[in-house]
Structure formats: structure tokens, C-alpha cells
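# An overview of the molecular structure
The residues making up each chain are set out below.
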Amino acid sequence: MTFKKQSFISIPKKETDIPEGMWVKCDACGEMLYREDVVKNHLVCYKCGKYFRMSTKRRLRLITDKQSFEEWDDGLEGKDPLDYPDYPEKIASLKEKYHIDEAVTTGRCTVHGEETVIAVCDARFLMGSMGYVVGEKITRAVEKATQLRLPIIIFTCSGGARMQEGMVSLMQMAKTSAALKKHSDAGLLYITVLTDPTTGGVTASFAMLGDIILAEPGALVGFAGPRVIEQTIGQKLPEGFQRAEFLVEHGLIDGIIKRDDMKDTLSRLLHMHRMPSREEGLLLNKLTIPEKKNLHPQHVSAWDRVQLARSSERLTSLDYITEIFSCFEEMHGDRHASDDGSTIGGIAYLDGYPVTVIGQQKGRTTKENITRNFGMPSPEGYRKALRLMKQAEKFKRPIINFIDTPGAYPGLEAEQHGQGEAIARNLYEMSALKVPVLSIVIGEGGSGGALALAVANEVWMMENSTYTILSPEGFASILWKDGKRANEAAGIMKVTAAELKELGIIDHVIEESIPACDENRLELCRLMRKMIRRFLYDNLDKDPETLAAERYRRFREF
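I will try to describe carefully the structure that is included in this document. Worth saying up front: this structure is predicted, and the values here are computed from it rather than measured.

### Thoughts on the overall build of the chain
When its secondary structure is counted, the chain shows 21 helices and 19 strands. On C-alpha atoms alone, the chain measures out to a radius of gyration of 26 Å, which is about the 24 Å that the 2.2 N^0.38 rule sets for 558 residues. Across the 558 residues in the chain, those meeting the buried criterion constitute 55%. If you sum the accessible surface of the chain, you get close to 25000 Å²; carbon and sulfur atoms cover 52% of it. Considering the chain, the positive charge centre built from 74 side chains and the negative charge centre built from 79 side chains are found 2 Å apart.

Rendered as C-alpha cells:
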């Protein structure tokens, strides 16, 4: 296979991604801007932050390492299935005007030394619409990426299907999606970066199929554009509808990426998915891994443990994640309805080894607790967690879960959205995950809401955490019809780490010299980091079927 090499070093004078002239007016804030300053600011308004659209060549210069880009499949002949008047002439004119082959440019490059396939769509070319050539170039790029076992990054920018090619254009949606399925089945990474606008058939195909989906600030993204919706059904649209920020809030994408951070972020994500050998990073030095110890519990009542587990001063999942791991890249959303603030997750390093980390997150202030829903996950939270766990399985990353919830959210909306099904689906899928799974109860482990993250190869508990069939108040109310007997209920429910270790429900207890708080955060995190190293050392060599079988046997014994 040969590739034509083409380096983009300078930007031709005819390239008009923003208007010519010394000054340019921002269509968002109305300010007159000095054009040269806008260009230096990566085509972002330095008054209000509005993103101007970026041309193909400027995008490639922003993202790729110098002289690393090799263009693929230029010169493909298009189709005119409708014999649309002047269509071939229009294509030829745009090629000459913008010095690009079509509405997408594809090839291979490096991003801070990380090799990847890249595709960049350009709105100047018939609004980036997808006809035969666009679909064919993207499909070929994906196929070559699969053959070469490379990741692929696609920058989308499109008005959708190309009307001038009729049903041939529509078929490109299925063609590109089918190629991406083969790429995914090969265990390879696909990142999409949605830019303004991304609509129609492109949104309904390759744009929304990324393992990781990012968007530029303010980008318009949707299947039916606002004008189509308003003109078709007369529906009043909310402010910010279909903008990138709206998509994050509604769980449809992983996050927003600024142009200043784009190259660094993409290279970091590419590196995180380039799996190191077992000998790299944390696993090289086994001498740093301590032997497991048996806990000799202090004489503290079960009810006291309940209160300590619920304390607002107790360390949260984010406290442990940011201290134990490095370069945590948080991912958002369940890709269907919402981004549940009570469930966090993403990719991080443990001493250089990539892992997926997920946690149930409480707040400390009233405002934080409202954002985090007091640590009570909704169905969207469980679906986000499962999405990230399945992604970890695809890329052979170990999974570390931090559990801290009074229970799944019991509200009307949660029931309408299928709370029971979401928890059941997690139990079902986690039982067969083919990567090591470790779950650590760090505070409250409330009922099925906790178990939905605890179908693991090993389950650990902090000394002052609890793991319960339901709250002691609920237990007392149901069995004795008196919630005030919660103290008494806690004493007979066997909710503490020491009791559950004796029952075989959990595998290890993490000692707390004092109840977990900022004062002993470093001490606890150092201990936990060493223990997680031990877990990985013991489990990373196991084949996928063995890991799943051991997890099955663990729960089959109860």
C-alpha cells in the first residue's frame, strides 16, 4: 500500500475561512476584530469567544505534527446520479477556489508523535455535505485504519446528505457506519470532534459513532436543524438548543474541547489507548506491593460506622481518583438522555498504566449535593457507567469502581426512565466483562444502587464504610414499622466491613487510622494505590475467559 505525502506548511492567500480584509465583524457579539489577531487566536473571537469555522488546511496545521500528514485518496471521481444541472461544474469550481479535493480530506499523520488516521470535513465545500466522494473517502480511510491497526479521528462539519446526489448520498450513511463497525470490532479507537455545524445524515451516521465524542464550544449539532424543526412542526426551541453545551447536559457527547487544548488532549487520548506491556509502569516493581493484612477492628458500634460512612467530611470518589491516578480524563453522558452528576467516570493512568475509573460522587455543600443528586444515581448514571465499562472491555483496560451511594434515586422520573432495568443491565453485563474489575466501597454502599457497580472480581471496603440491603431506617420501618429503631437495626444487619469480610461478601478491608478525611487523605491513597497495584499484578495476566469465570464463581457461591 502506498500513500501520497502532502505536507501543509503554509496557508494559501486564497484560503478564506474568515472574510478577507484587515477587520472582521463577529456575528455573535457584533464587535469589529483585527483579522490578524483572530487568526493568531485560532479563529476564535477574542471579545466573546465565538468560534469561526476553520478550513481544512488550517485545521490540519493546528492538529498534526509538522510534515507528518500524508493525504489519501485525492482525485476520486464523483457521481451525478440525478444529472443535476451544473453540478459537475460547481464541484470543479469549488476545487479550484479552495484548493481541496472535496468536502473531506483524509490521510495519516502524527499528533505529538502519536500515529493516527485523520479526516477533516470543510463547510466551504457545499456546506460539507456528504455525497459519494465524501462517503467513499471516509470509508476507505476507516478501512485502511483497520488494516493498519490505527485509531481514527474525524472532524465533522456538515449540513448533512448532499441533495444533488439523491439516494446515492443517503447510502453513504450506511456505508460509513458499516466500515466503522469493523474498525470497532478490531478493538480500535475512533474519536469524533464535532464542529459547527454538524447536522442531518452526518450526525445520523459517522459523527455520533465515536468511542469518544467531543465538540468545539458552541457547535451546532443535531439531526434536524433548528430551522427545519421550526418550519416543519412550528415547535418553539429553547435557548442554546442543539449547541455543544446542550449536548453535554443531555448526555449525548463526552465533553467540549477548546482549540487551544485540542492537540494536547487528542494526543493524550491516543496515548491512553496505546496499551502498554505488562512490564511497563506500575507492574515493573513488585517490591513496592505490600502483603495483605487481616483487620483487627476497633470497638465501634455498627450505628457509629453508619454515621461515619455518611459524614460530609468523608473523602469522596473524586478525592481518591485525583490523588491515586494521574491524567484523569472525565467522560460524560449515557449517549441517550442525560449526564448524571452523581456518577463520574473516565480514563486515567496508574503509574503509567491506563485504567478506567468510575465513581459515585457526593457533594459537600448543598449546591454540590443538588448537582450530584446526593450521590443517588439515576438510570442515566448507571448507563453511563456501563458504557464506560464496555469501552474499557473493548480496549482491554482494567476497571476500578468507587462506590458511595445511599441507594439508587427513587423518584418518579427515575422510574419512568427504567431504574430497575438500568441496574439489572449492569449486573447482567458486568458478570461477563473480560477485563479485571475491582470495586471499592468508600462510604455508603446502599442496596442495588451500590451492587450495580460491585459485580467485580474483588470487592473491598473501607473500615468505616457500610454495605447494606437497604438503609437501617428502611430495614426498621419494613420489619418493625418503626424507623426510629435504625440504631438497633444497624446492629443486627451486619453492615460493617469486618462483618461482611467474615461472611465472605467482601474480600478485603482497608484500615483507617482515623475516619477518612482530608487529614489522612495522602496516607489512605498511598495505601490504596499499593493495594490496587497488587490487584492488577495478580489479574492482568489472566485470560479474558478466566476473569469472567472467576467473577461468575464468586457470586455463584452466595
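### Here's the deal with the pairing of strand β5 (residues 104-111)
Summarising burial for β5: seven of the eight residues are buried, a large majority. Strand direction decides the pairing type here: strand β4 (residues 70-72) and β5, joined by three bridges, are antiparallel. In the sheet register, W72 faces β5, and the bridge partner there is T106. Strand direction decides the pairing type here: β5 and strand β6 (residues 114-121), joined by eight bridges, are antiparallel.

### Thoughts on the packing of aromatic side chains
Remark: the centre distance and the inter-plane angle together describe each pair of aromatic rings, the angle taken between the planes. Scanning the model with the defined rule gives seven aromatic pairs in all. Judged by centre distance (6.4 Å) and plane angle (80°), the rings of F325 and F402 are edge-to-face. Of this pair, F325 sits in the loop between α11 (317-324) and β12 (326-330) while F402 sits in strand β15 (residues 399-405), placing them 77 residues apart in sequence. You can call F402 buried: its relative accessible area is 0%. Both rings, one in F475 and one in W480, keep their centres 6.0 Å apart while their planes meet at 85°; by these two values the pair is edge-to-face. Note on F475: relative accessible area 16%, which makes it buried.

### A look at the side chain of H183
You can see H183 is positioned in helix α5 (residues 166-185). Excluding anything up to four places from it in sequence, H183 contacts V142, A145, T146, L150, P151, I152, L188, L189 and Y190.

### A look at helix α9 (residues 259-272)
End to end, α9 covers 20 Å across 14 residues, agreeing with the expected 20 Å (1.5 Å per residue, within 8%). Of all the positions in α9, only R259, M262, K263, T265, L266, S267, L269, L270 and M272 are classed as buried.

### Here's the deal with the packing of helix α10 (residues 302-310) against helix α18 (residues 486-493)
Contact pair α10 / α18: the axes reach a minimum separation of 7 Å and the direction vectors enclose 105°. The orientation of α10 relative to α18 falls into the category roughly perpendicular. In this structure, α10 uses A302, W303 and V306 to contact α18, whose residues at the interface are A486, N487, A490 and G491. For the contact of α10 with α18, the residue count by class is five nonpolar, two polar and no charged.

### Topic: the packing of helix α17 (residues 472-480) against α18
Contact geometry of α17 with α18 gives a least axis separation of 8 Å together with a crossing angle of 95°. Between α17 and α18, the angle falls in the class roughly perpendicular. Contacts between α17 and α18 involve P472, E473, F475, A476 and W480 from the first element and A486, E488, A489, A490, I492 and M493 from the second. The residue makeup of the contact of α17 with α18, split by class, is nine nonpolar, no polar and two charged.

### Quick look at unusual backbone geometry
Here the amide bond leading from D196 into P197 is cis, since omega sits at -10°, within 30 degrees of zero. For D83, which is not glycine, the phi torsion reads 50° and is therefore positive. Topologically, D83 is positioned in the loop between β4 and α3 (87-98). Even without being glycine, D86 reaches a positive phi, approximately 65°. With respect to the helices, strands and loops of the structure, D86 is situated in the loop between β4 and α3. Under the relative-accessibility criterion, D86 is labelled exposed at 57%.

### Details of the pattern of salt bridges
A full pass over the atoms with the stated rule returns 40 salt bridges. Between R305 and E463 there is a salt bridge, and its shortest N-O distance comes to 3.9 Å. With R305 in helix α10 and E463 in the loop between β17 (458-462) and β18 (466-468), the pair connects residues that are 158 residues apart, well separated along the chain. Exposure class is identical for R305 and E463. Each is buried. Connected through salt bridges with shared partners, the residues D73, E136, R140, K144 and K175 form a single ionic network.

### Some remarks on helix α13 (residues 379-394)
For α13, with 16 residues, the first-to-last C-alpha span of 23 Å sits near the 22 Å given by 1.5 Å per residue. Of all the 16 residues making up α13, 14 are buried; the element is thus mostly covered by neighbouring parts of the structure. The first or second residue beyond α13 is K396, which carries a positive phi of 60°.

### Looking at the environment of L94
Within the fold, L94 resides in helix α3. Since its relative accessible area comes to 7%, L94 is described here as buried. Discounting chain neighbours no more than four positions away, the residues touching L94 are H99, R124, F125 and L126.

Quick notes on the rules
Residues numbered from 1 in each chain as written. Predicted model: local features only at pLDDT ≥ 70, side-chain atom pairs only at ≥ 80, totals over all residues. Heavy atoms only, no water. Helix = DSSP H or I, 4+ residues; strand = E, 2+ residues; numbered from the N terminus. Rg over C-alpha atoms; globule rule 2.2 N^0.38 Å. Buried < 20%, exposed > 50% of the residue type's maximum accessible area, 1.4 Å probe, protein only. Areas by Shrake-Rupley, 256 points an atom, 1.4 Å probe, with all protein chains shown as cover. Lys, Arg positive; Asp, Glu negative; His and termini not counted. Charge placed at Lys NZ, Arg CZ, Asp CG, Glu CD. Pairing = 2+ DSSP bridges. Phe/Tyr/Trp six-rings, centres within 6.5 Å; stacked < 30°, edge-to-face > 60°. Contact = heavy atoms within 4.5 Å. Expected span 1.5 Å × (residues − 1). Axes fitted to C-alpha atoms, helices over the stretch in contact; angles between N-to-C directions. Parallel < 35°, antiparallel > 145°, perpendicular 65-115°, else oblique. Nonpolar A, V, L, I, M, F, W, Y, C, P; charged D, E, K, R; others polar. Salt bridge = Lys/Arg side-chain N within 4 Å of Asp/Glu carboxyl O.

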